[in-house]
Amino acid sequence: MDISQEARQLYHEMMRGVADESPSEIVPHLYLGSNKEARDMHILEAYKITHVLNMKHDLEWEESTISYYEKHSHITVKHCPSEDDQYYDLSVHFDETYDIIDACISSNTN
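Quick notes on the rules
Residues numbered from 1 in each chain as written. Predicted model: local features only at pLDDT ≥ 70, side-chain atom pairs only at ≥ 80, totals over all residues. Heavy atoms only, no water. Helix = DSSP H or I, 4+ residues; strand = E, 2+ residues; numbered from the N terminus. Expected span 1.5 Å × (residues − 1). Buried < 20%, exposed > 50% of the residue type's maximum accessible area, 1.4 Å probe, protein only. Arc of directions from axis to C-beta. Polar contact = N/O pair within 3.5 Å; in protein donor to acceptor, adjacent residues only side chain to side chain. Contact = heavy atoms within 4.5 Å. Phe/Tyr/Trp six-rings, centres within 6.5 Å; stacked < 30°, edge-to-face > 60°. Salt bridge = Lys/Arg side-chain N within 4 Å of Asp/Glu carboxyl O.

1. Some remarks on the environment of V27
- In this structure, V27 sits in strand β1 (residues 24-27).
- For the pair V27 and I105, spaced 78 residues apart in sequence, the C-alpha separation works out to 9.3 Å.

2. Some thoughts on helix α5 (residues 94-106)
- With 13 residues, α5 extends 17 Å from end C-alpha to end C-alpha; this agrees with the ideal 18 Å at 1.5 Å per step.
- For α5, the complete set of buried residues consists of T97, I100 and C104. All buried residues of α5 fall inside an arc of 65° around its axis, so they share one side. Every exposed residue of α5 that faces more than 90 degrees away from the buried side is listed here: F94, D95, Y98, D99 and S106.

3. Quick look at unusual backbone geometry
- Backbone geometry at H29 places phi at a positive 75°, although glycine is not the residue there.
- Inspection of the secondary structure puts H29 in the loop between β1 and β2 (30-32).
- Judged by its relative accessible area of 22%, H29 falls in the partly exposed class.

4. Thoughts on the side chain of S82
- Following the sequence through the fold, S82 ends up in strand β4 (residues 76-82).
- At 2.4 Å, the side chain of S82 and the backbone oxygen of M55 are in polar contact.
- Setting aside residues up to four positions removed in sequence, S82 forms contacts with M55, K56, H57, Y88, L90 and H93.

5. Describing the packing of aromatic side chains
- Enumeration according to the criterion identifies one aromatic pair in this entry.
- Ring plane angle 75° and centroid distance 5.4 Å describe the contact between Y31 and Y47, whose orientation is recorded as edge-to-face. Residue Y31 is found in strand β2, and its partner Y47 is found in the loop between α3 (41-46) and β3 (51-56); the two are separated by 16 residues along the sequence.
- A relative accessible area of 23% places Y31 in the partly exposed class.

6. Section: the pattern of salt bridges
- In total, this model carries one salt bridge according to the counting rule given.
- One salt bridge connects K78 with E96, and the closest N-O pair in it is separated by 3.5 Å. Highlighted residues: K78 in strand β4 and E96 in helix α5, separated in sequence by 18 residues.
- By relative accessible area, E96 is classed as partly exposed at 33%.

Have a look at this one:
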């Protein structure tokens, strides 16, 4: 097998893994997923997810995705822009994220 064949095979294996991605349940009713999963209505419906808490620092995500979710009245979105950096202090968002997480857990929704 030459290098280009190996690269193609590796690429297809990686893409197969990406296609199999799904959110992970951390505690009952609380899932951790990727940005891609948060935008995939099929995944959200399959897991009965009613709330999305997005921590990505991306104004485009916020504007396009929130307007998309507004068409689906059963999805509530909270966007807390944050940096993907090991030194970023996520605790600055604890107060604003607590309410949406508590509401989901209290009402037995995801």
